[in-house]
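Residue strings, one per chain:
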Amino acid sequence: MNVLVSGGLGYIGSHTVVELVKRHHDVVVVDNLYNADADVQLRIEKITGKKLTTYIADCADAEAMEKIFSSHKVDCVIHFAGYKAVGESVRKPLMYYHNNLLSTLVLLEAMKKHNVHQMVFSSSATVYSPENTSPFREEMRLAATNPYGWTKLMIERILTDYATADPSFSAILLRYFNPIGAHDSGLLGERPVGIPNNLLPYICQVADGTREKLSVFGDDYATPDGTGVRDYLHVVDLALGHVAALEKMANRPGAHAFNLGTGKGTSVLELVHAFEQASHLTIPYVVTDRRPGDIDTVVADPSKAEKELEWKATHSIEEACASAWHFQQHVKDSL
Ligand code: UFG
(Lines give C-alpha, C1' and ligand atoms only; values in the text may rest on other atoms or scores of the structure.)
Protein backbone atom coordinates (compact mmCIF):
# COMPACT_ATOMS: atom_id res chain seq x y z
CA MET A 1 0.00 0.00 0.00
CA ASN A 2 0.97 3.65 -0.34
CA VAL A 3 1.23 4.91 3.21
CA LEU A 4 1.77 8.45 4.42
CA VAL A 5 3.24 8.45 7.93
CA SER A 6 2.89 11.68 9.91
CA GLY A 7 5.47 11.92 12.68
CA GLY A 8 7.43 9.18 10.93
CA LEU A 9 10.79 10.30 12.33
CA GLY A 10 9.63 10.10 15.96
CA TYR A 11 10.13 7.22 18.38
CA ILE A 12 7.19 4.98 17.43
CA GLY A 13 6.83 6.39 13.91
CA SER A 14 10.41 5.54 12.92
CA HIS A 15 10.13 1.92 14.07
CA THR A 16 6.84 1.62 12.19
CA VAL A 17 8.35 3.04 9.00
CA VAL A 18 11.09 0.38 9.14
CA GLU A 19 8.54 -2.43 9.44
CA LEU A 20 6.38 -0.97 6.66
CA VAL A 21 9.35 -0.73 4.29
CA LYS A 22 10.39 -4.29 5.21
CA ARG A 23 6.87 -5.41 4.18
CA HIS A 24 7.29 -3.57 0.83
CA HIS A 25 4.81 -0.79 1.48
CA ASP A 26 5.58 2.52 -0.23
CA VAL A 27 6.11 5.08 2.49
CA VAL A 28 6.09 8.88 2.49
CA VAL A 29 7.08 10.50 5.79
CA VAL A 30 5.96 13.93 7.00
CA ASP A 31 7.60 15.25 10.16
CA ASN A 32 8.21 18.77 11.52
CA LEU A 33 11.19 17.62 13.64
CA TYR A 34 9.58 19.04 16.79
CA ASN A 35 10.31 15.82 18.64
CA ALA A 36 12.67 14.07 16.24
CA ASP A 37 16.13 14.46 14.78
CA ALA A 38 16.72 14.85 11.06
CA ASP A 39 19.33 12.05 11.12
CA VAL A 40 16.56 9.53 11.89
CA GLN A 41 15.84 9.47 8.15
CA LEU A 42 19.42 8.32 7.48
CA ARG A 43 19.17 5.78 10.28
CA ILE A 44 15.98 4.30 8.80
CA GLU A 45 17.65 4.21 5.36
CA LYS A 46 20.67 2.44 6.85
CA ILE A 47 18.46 -0.26 8.38
CA THR A 48 16.23 -0.80 5.34
CA GLY A 49 18.81 -0.15 2.60
CA LYS A 50 16.21 2.00 0.81
CA LYS A 51 15.86 5.72 0.21
CA LEU A 52 12.98 7.23 2.20
CA THR A 53 10.77 9.99 0.79
CA THR A 54 10.58 12.53 3.61
CA TYR A 55 9.01 15.97 3.90
CA ILE A 56 10.00 18.26 6.74
CA ALA A 57 6.62 19.92 7.19
CA ASP A 58 3.91 20.54 9.75
CA CYS A 59 0.65 18.64 9.34
CA ALA A 60 -1.24 21.78 10.36
CA ASP A 61 0.18 23.56 7.30
CA ALA A 62 -2.63 23.14 4.77
CA GLU A 63 -0.56 24.37 1.83
CA ALA A 64 2.26 21.94 2.57
CA MET A 65 -0.24 19.07 2.93
CA GLU A 66 -1.90 20.01 -0.36
CA LYS A 67 1.47 19.84 -2.12
CA ILE A 68 2.33 16.46 -0.62
CA PHE A 69 -1.07 14.88 -1.34
CA SER A 70 -0.97 16.28 -4.89
CA SER A 71 2.44 14.71 -5.48
CA HIS A 72 1.82 11.19 -4.11
CA LYS A 73 -0.83 8.55 -4.38
CA VAL A 74 -1.80 7.73 -0.79
CA ASP A 75 -4.02 4.80 0.28
CA CYS A 76 -3.75 5.26 4.03
CA VAL A 77 -2.37 7.72 6.58
CA ILE A 78 -0.79 6.51 9.81
CA HIS A 79 -1.04 9.54 12.06
CA PHE A 80 1.60 9.73 14.81
CA ALA A 81 2.31 13.46 14.73
CA GLY A 82 1.37 15.22 17.95
CA TYR A 83 2.65 16.59 21.22
CA LYS A 84 2.83 13.87 23.85
CA ALA A 85 4.04 15.07 27.25
CA VAL A 86 1.33 14.82 29.90
CA GLY A 87 2.86 17.36 32.34
CA GLU A 88 3.60 19.89 29.61
CA SER A 89 0.01 19.58 28.37
CA VAL A 90 -1.26 20.62 31.82
CA ARG A 91 0.96 23.71 31.73
CA LYS A 92 0.28 24.55 28.05
CA PRO A 93 -3.22 23.29 27.23
CA LEU A 94 -3.86 25.67 24.34
CA MET A 95 -0.65 24.61 22.66
CA TYR A 96 -1.70 20.95 22.93
CA TYR A 97 -5.29 21.45 21.76
CA HIS A 98 -4.19 23.71 18.94
CA ASN A 99 -1.43 21.48 17.63
CA ASN A 100 -2.90 18.02 18.07
CA LEU A 101 -6.43 18.87 16.92
CA LEU A 102 -5.55 21.25 14.10
CA SER A 103 -2.93 18.96 12.56
CA THR A 104 -5.47 16.11 12.53
CA LEU A 105 -8.22 18.26 11.00
CA VAL A 106 -5.93 19.65 8.30
CA LEU A 107 -4.72 16.14 7.47
CA LEU A 108 -8.30 14.82 7.28
CA GLU A 109 -9.34 17.67 5.00
CA ALA A 110 -6.39 17.02 2.69
CA MET A 111 -7.25 13.31 2.73
CA LYS A 112 -10.90 14.02 1.88
CA LYS A 113 -9.93 16.26 -1.01
CA HIS A 114 -7.56 13.63 -2.40
CA ASN A 115 -9.87 10.65 -1.82
CA VAL A 116 -7.81 9.00 0.89
CA HIS A 117 -10.25 6.97 2.96
CA GLN A 118 -8.25 5.30 5.69
CA MET A 119 -6.44 6.48 8.83
CA VAL A 120 -4.62 4.54 11.51
CA PHE A 121 -4.43 6.78 14.57
CA SER A 122 -1.89 6.77 17.36
CA SER A 123 -4.15 6.78 20.41
CA SER A 124 -3.28 5.87 23.98
CA ALA A 125 -4.39 3.87 26.98
CA THR A 126 -4.75 7.26 28.61
CA VAL A 127 -8.25 7.48 27.04
CA TYR A 128 -9.57 4.94 29.57
CA SER A 129 -11.23 6.41 32.62
CA PRO A 130 -9.06 5.74 35.70
CA GLU A 131 -12.23 4.41 37.35
CA ASN A 132 -11.98 1.26 35.24
CA THR A 133 -10.21 -1.75 36.68
CA SER A 134 -7.38 -3.35 34.70
CA PRO A 135 -7.25 -5.20 32.37
CA PHE A 136 -8.74 -2.47 30.19
CA ARG A 137 -11.05 -3.56 27.38
CA GLU A 138 -11.96 -1.45 24.37
CA GLU A 139 -15.60 -0.99 25.35
CA MET A 140 -14.83 0.35 28.84
CA ARG A 141 -15.65 3.88 29.91
CA LEU A 142 -13.50 6.57 28.34
CA ALA A 143 -12.36 9.80 30.03
CA ALA A 144 -9.21 11.83 30.10
CA THR A 145 -7.43 13.38 33.06
CA ASN A 146 -5.17 15.90 31.29
CA PRO A 147 -5.17 17.96 28.06
CA TYR A 148 -2.88 15.50 26.26
CA GLY A 149 -5.32 12.69 27.02
CA TRP A 150 -8.26 14.85 25.99
CA THR A 151 -6.65 15.49 22.59
CA LYS A 152 -6.40 11.71 22.06
CA LEU A 153 -10.01 11.21 23.12
CA MET A 154 -11.26 14.14 21.02
CA ILE A 155 -9.44 12.85 17.94
CA GLU A 156 -10.95 9.39 18.50
CA ARG A 157 -14.36 11.14 18.57
CA ILE A 158 -13.64 13.17 15.42
CA LEU A 159 -12.58 10.04 13.53
CA THR A 160 -15.60 8.08 14.78
CA ASP A 161 -18.04 10.83 13.77
CA TYR A 162 -16.37 11.18 10.39
CA ALA A 163 -16.50 7.43 9.78
CA THR A 164 -20.22 7.48 10.67
CA ALA A 165 -20.94 10.37 8.32
CA ASP A 166 -18.87 9.01 5.44
CA PRO A 167 -19.13 5.22 5.09
CA SER A 168 -16.20 5.21 2.67
CA PHE A 169 -13.91 6.42 5.47
CA SER A 170 -12.42 4.02 7.99
CA ALA A 171 -10.35 4.65 11.08
CA ILE A 172 -8.34 2.36 13.29
CA LEU A 173 -7.69 3.73 16.78
CA LEU A 174 -4.66 2.04 18.31
CA ARG A 175 -4.54 2.48 22.08
CA TYR A 176 -0.94 2.00 23.13
CA PHE A 177 -0.01 0.99 26.62
CA ASN A 178 3.64 1.72 27.61
CA PRO A 179 6.04 1.46 24.66
CA ILE A 180 9.68 0.82 25.62
CA GLY A 181 12.87 -0.48 24.00
CA ALA A 182 14.67 0.24 20.79
CA HIS A 183 15.61 -1.23 17.43
CA ASP A 184 18.07 -4.15 17.58
CA SER A 185 20.45 -2.30 15.27
CA GLY A 186 21.02 0.32 17.99
CA LEU A 187 20.18 2.98 15.39
CA LEU A 188 16.65 3.89 16.50
CA GLY A 189 15.22 4.44 19.96
CA GLU A 190 13.72 6.99 22.27
CA ARG A 191 15.63 10.26 22.58
CA PRO A 192 13.77 12.45 25.07
CA VAL A 193 14.55 16.16 25.10
CA GLY A 194 15.50 17.36 28.60
CA ILE A 195 14.60 15.38 31.71
CA PRO A 196 12.80 12.16 30.70
CA ASN A 197 9.21 11.86 31.91
CA ASN A 198 8.98 8.13 31.29
CA LEU A 199 10.46 5.39 33.41
CA LEU A 200 12.79 3.45 31.10
CA PRO A 201 14.38 6.51 29.43
CA TYR A 202 15.05 7.85 32.94
CA ILE A 203 16.62 4.55 34.02
CA CYS A 204 18.83 4.62 30.90
CA GLN A 205 20.10 8.08 31.84
CA VAL A 206 20.87 6.92 35.38
CA ALA A 207 22.73 3.97 33.87
CA ASP A 208 24.96 6.15 31.69
CA GLY A 209 25.64 8.63 34.49
CA THR A 210 23.60 11.53 33.08
CA ARG A 211 21.36 11.39 36.18
CA GLU A 212 22.32 10.42 39.68
CA LYS A 213 19.41 8.23 40.74
CA LEU A 214 15.90 7.22 39.88
CA SER A 215 12.95 8.51 41.89
CA VAL A 216 10.38 5.75 42.33
CA PHE A 217 7.09 7.60 42.52
CA GLY A 218 5.40 5.91 45.47
CA ASP A 219 5.62 2.43 46.99
CA ASP A 220 2.23 2.41 48.71
CA TYR A 221 0.02 1.49 45.76
CA ALA A 222 -2.30 -1.49 45.91
CA THR A 223 0.12 -3.64 43.90
CA PRO A 224 2.27 -6.66 44.90
CA ASP A 225 5.40 -4.59 45.72
CA GLY A 226 3.61 -1.25 46.25
CA THR A 227 5.02 0.42 43.10
CA GLY A 228 2.99 1.32 40.01
CA VAL A 229 2.20 -1.46 37.55
CA ARG A 230 2.15 -0.85 33.80
CA ASP A 231 1.90 -2.90 30.61
CA TYR A 232 5.26 -2.30 28.90
CA LEU A 233 5.50 -3.40 25.29
CA HIS A 234 8.48 -3.46 22.96
CA VAL A 235 8.34 -0.67 20.38
CA VAL A 236 9.01 -3.16 17.56
CA ASP A 237 5.94 -5.16 18.63
CA LEU A 238 4.00 -1.90 18.64
CA ALA A 239 5.29 -1.05 15.15
CA LEU A 240 4.15 -4.48 13.93
CA GLY A 241 0.71 -3.74 15.40
CA HIS A 242 0.41 -0.83 12.95
CA VAL A 243 1.38 -3.03 10.02
CA ALA A 244 -1.22 -5.60 11.13
CA ALA A 245 -3.87 -2.88 11.45
CA LEU A 246 -3.09 -1.59 8.00
CA GLU A 247 -3.12 -4.96 6.32
CA LYS A 248 -6.03 -6.58 8.16
CA MET A 249 -8.36 -3.62 8.32
CA ALA A 250 -8.02 -2.24 4.80
CA ASN A 251 -11.34 -0.76 3.75
CA ARG A 252 -13.32 -2.04 6.74
CA PRO A 253 -15.86 0.74 7.24
CA GLY A 254 -16.31 2.45 10.59
CA ALA A 255 -13.96 3.37 13.42
CA HIS A 256 -12.41 0.52 15.40
CA ALA A 257 -10.38 0.72 18.60
CA PHE A 258 -7.73 -1.82 19.56
CA ASN A 259 -5.54 -2.10 22.63
CA LEU A 260 -1.89 -2.70 21.85
CA GLY A 261 -0.31 -4.13 24.98
CA THR A 262 0.99 -7.44 26.30
CA GLY A 263 -1.69 -8.10 28.91
CA LYS A 264 1.08 -8.49 31.50
CA GLY A 265 1.74 -6.02 34.30
CA THR A 266 5.24 -5.07 35.46
CA SER A 267 5.96 -2.92 38.51
CA VAL A 268 8.48 -0.05 38.63
CA LEU A 269 10.85 -2.16 40.73
CA GLU A 270 10.45 -5.17 38.43
CA LEU A 271 11.40 -3.00 35.46
CA VAL A 272 14.42 -1.66 37.37
CA HIS A 273 15.53 -5.22 38.11
CA ALA A 274 14.99 -6.36 34.51
CA PHE A 275 17.16 -3.46 33.39
CA GLU A 276 19.84 -4.34 35.93
CA GLN A 277 19.91 -7.92 34.64
CA ALA A 278 20.11 -6.80 31.02
CA SER A 279 22.85 -4.21 31.63
CA HIS A 280 24.77 -5.86 34.51
CA LEU A 281 24.57 -2.51 36.30
CA THR A 282 22.99 -1.36 39.54
CA ILE A 283 20.43 1.44 39.32
CA PRO A 284 20.39 3.58 42.46
CA TYR A 285 16.91 4.75 43.42
CA VAL A 286 14.97 6.50 46.16
CA VAL A 287 11.28 6.17 46.86
CA THR A 288 9.53 9.55 46.72
CA ASP A 289 5.93 10.75 46.85
CA ARG A 290 3.40 9.56 44.30
CA ARG A 291 3.32 11.54 41.04
CA PRO A 292 0.00 13.43 40.82
CA GLY A 293 -2.40 11.79 38.39
CA ASP A 294 -0.77 8.31 38.48
CA ILE A 295 -2.90 5.28 39.24
CA ASP A 296 -1.81 1.92 40.61
CA THR A 297 -2.31 -0.41 37.66
CA VAL A 298 -2.72 0.07 33.89
CA VAL A 299 -2.76 -3.22 31.96
CA ALA A 300 -4.34 -4.05 28.61
CA ASP A 301 -6.66 -6.81 27.62
CA PRO A 302 -5.11 -7.33 24.17
CA SER A 303 -7.45 -10.15 23.09
CA LYS A 304 -9.36 -8.07 20.50
CA ALA A 305 -6.12 -7.22 18.63
CA GLU A 306 -4.99 -10.84 18.92
CA LYS A 307 -8.22 -12.07 17.39
CA GLU A 308 -9.02 -9.43 14.78
CA LEU A 309 -5.56 -8.16 13.83
CA GLU A 310 -3.80 -11.49 14.45
CA TRP A 311 -1.22 -9.48 16.36
CA LYS A 312 0.50 -10.39 19.59
CA ALA A 313 3.48 -8.86 21.39
CA THR A 314 6.34 -11.36 21.43
CA HIS A 315 9.32 -9.53 22.97
CA SER A 316 10.10 -9.78 26.68
CA ILE A 317 10.72 -6.92 29.10
CA GLU A 318 14.36 -8.08 29.36
CA GLU A 319 14.79 -7.85 25.56
CA ALA A 320 13.26 -4.36 25.62
CA CYS A 321 15.62 -3.26 28.42
CA ALA A 322 18.66 -4.71 26.64
CA SER A 323 17.76 -2.95 23.37
CA ALA A 324 17.11 0.37 25.14
CA TRP A 325 20.48 0.18 26.90
CA HIS A 326 22.25 -0.79 23.67
CA PHE A 327 20.70 2.25 21.96
CA GLN A 328 21.57 4.55 24.85
CA GLN A 329 25.22 3.54 24.60
CA HIS A 330 25.37 4.09 20.83
CA VAL A 331 23.02 7.03 20.34
CA LYS A 332 25.90 9.48 19.94
CA ASP A 333 27.90 7.27 17.50
CA SER A 334 28.21 8.76 14.04
CA LEU A 335 26.44 6.92 11.25
N1 UFG B 1 7.80 6.30 37.31
C2 UFG B 1 8.69 6.43 38.36
N3 UFG B 1 9.75 7.27 38.20
C4 UFG B 1 9.97 7.99 37.06
C5 UFG B 1 9.05 7.84 35.99
C6 UFG B 1 7.98 7.00 36.17
O7 UFG B 1 8.51 5.79 39.40
O8 UFG B 1 10.95 8.75 36.99
C9 UFG B 1 6.67 5.36 37.45
C10 UFG B 1 5.28 6.01 37.33
O11 UFG B 1 4.84 6.46 38.58
C12 UFG B 1 4.47 4.84 36.77
C13 UFG B 1 5.47 4.07 35.91
O14 UFG B 1 6.76 4.46 36.38
O15 UFG B 1 4.04 3.99 37.81
C16 UFG B 1 5.38 4.41 34.43
O17 UFG B 1 5.46 5.80 34.25
P18 UFG B 1 5.67 6.45 32.80
O19 UFG B 1 5.76 7.93 32.99
O20 UFG B 1 6.82 5.79 32.09
O21 UFG B 1 4.35 6.05 32.00
P22 UFG B 1 2.82 6.36 32.34
O23 UFG B 1 2.15 5.03 32.51
O24 UFG B 1 2.66 7.32 33.43
O25 UFG B 1 2.35 7.11 31.02
C26 UFG B 1 2.43 6.48 29.77
C27 UFG B 1 2.71 7.52 28.69
C28 UFG B 1 1.56 8.48 28.54
C29 UFG B 1 0.30 7.72 28.33
C30 UFG B 1 0.09 6.68 29.40
C31 UFG B 1 -1.08 5.81 29.06
O32 UFG B 1 3.87 8.26 29.03
O33 UFG B 1 1.79 9.27 27.41
O34 UFG B 1 1.23 5.83 29.50
O35 UFG B 1 -1.41 4.97 30.10
F36 UFG B 1 -0.74 8.58 28.37
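None of the values given here were measured: they were computed from a predicted structure.

Draft legend 1. Looking closely at the overall build of the protein chain. In terms of regular secondary structure, the protein chain is built from eleven helices and 14 strands. Against the 2.2 N^0.38 benchmark of 20 Å for 335 residues, the protein chain shows a C-alpha radius of gyration of 19 Å, consistent with a compact globule. Along the longest, intermediate and shortest principal axes, the C-alpha atoms of the protein chain span 55 × 45 × 40 Å. Taking all 335 residues of the protein chain together, 55% fall into the buried category. Here the contacts in the protein chain between residues at least 6 apart in sequence split such that 79% fall between residues at least 24 apart. For the protein chain, the exposed area adds up to about 14,800 Å²; of that, 52% sits on carbon and sulfur atoms.

Draft legend 2. Representation of the packing of aromatic side chains. Counted according to the given criterion, the structure contains seven aromatic pairs. Ring geometry for phenylalanine 275 against tryptophan 325: centres 5.8 Å apart, planes inclined by 70 degrees, an arrangement best described as edge-to-face. With phenylalanine 275 in helix α9 (residues 268-279) and tryptophan 325 in helix α11 (residues 317-330), this residue pair connects regions lying 50 residues apart in the sequence. With respect to class, phenylalanine 275 is no different from tryptophan 325; both count as buried. Members of the aromatic cluster, joined through ring pairs, are Tyr34, Tyr83 and Tyr96. Just above the ring of tyrosine 221 sits the side chain of arginine 290; from NZ or CZ to the centre is 3.9 Å.

Draft legend 3. Just the pairing of strand β1 (residues 2-6), in detail. Across the five residues that make up β1, a large majority, five, are buried. Residues of β1 alternate between two faces, with Asn2, Leu4 and Ser6 on one and Val3 and Val5 on the opposite face, all of them buried. In terms of strand pairing, β1 meets strand β2 (residues 26-31) through five bridges, oriented parallel. What sits directly across from leucine 4, in β2, is valine 28. Each parallel crossover has a hand, and the one from β1 via helix α1 (residues 11-22) to β2 is right-handed. As paired strands, β1 and strand β4 (residues 76-79) are joined by four bridges and run parallel to one another. Each bridged residue has a counterpart across the sheet, and for valine 3 the counterpart in β4 is cysteine 76.

Draft legend 4. Expanded view of the site of the ligand. Taken together, the neighbourhood of the ligand is formed by 18 residues, with Asn198, Ser215, Arg230, Arg291 and Asp294 sitting nearest. At a separation of 2.7 Å, a nitrogen atom of the ligand approaches a polar backbone atom of serine 215. Residue aspartate 294 places a side-chain N or O atom 2.6 Å away from an oxygen atom belonging to the ligand. Notes on the ligand: free accessible area 680 Å², of which the protein chains cover 89%. If you tally residues by element for the shell around the ligand, the top one is strand β8 (residues 214-217), at four residues. Among the residues making up the shell around the ligand, the classes are represented as eight nonpolar, seven polar and three charged.

Quick notes on the rules
- Residues numbered from 1 in each chain as written.
- Predicted model: local features only at pLDDT ≥ 70, side-chain atom pairs only at ≥ 80, totals over all residues.
- Heavy atoms only, no water.
- Helix = DSSP H or I, 4+ residues; strand = E, 2+ residues; numbered from the N terminus.
- Rg over C-alpha atoms; globule rule 2.2 N^0.38 Å.
- Buried < 20%, exposed > 50% of the residue type's maximum accessible area, 1.4 Å probe, protein only.
- Contact = heavy atoms within 4.5 Å.
- Areas by Shrake-Rupley, 256 points an atom, 1.4 Å probe, with all protein chains shown as cover.
- Phe/Tyr/Trp six-rings, centres within 6.5 Å; stacked < 30°, edge-to-face > 60°.
- Lys NZ or Arg CZ within 6 Å of the ring centre and 35° of its normal.
- Pairing = 2+ DSSP bridges.
- Right-handed = clockwise from strand over helix to strand, strands pointing away.
- Near = heavy atom within 4 Å.
- Polar contact = N/O pair within 3.5 Å; in protein donor to acceptor, adjacent residues only side chain to side chain.
- Nonpolar A, V, L, I, M, F, W, Y, C, P; charged D, E, K, R; others polar.

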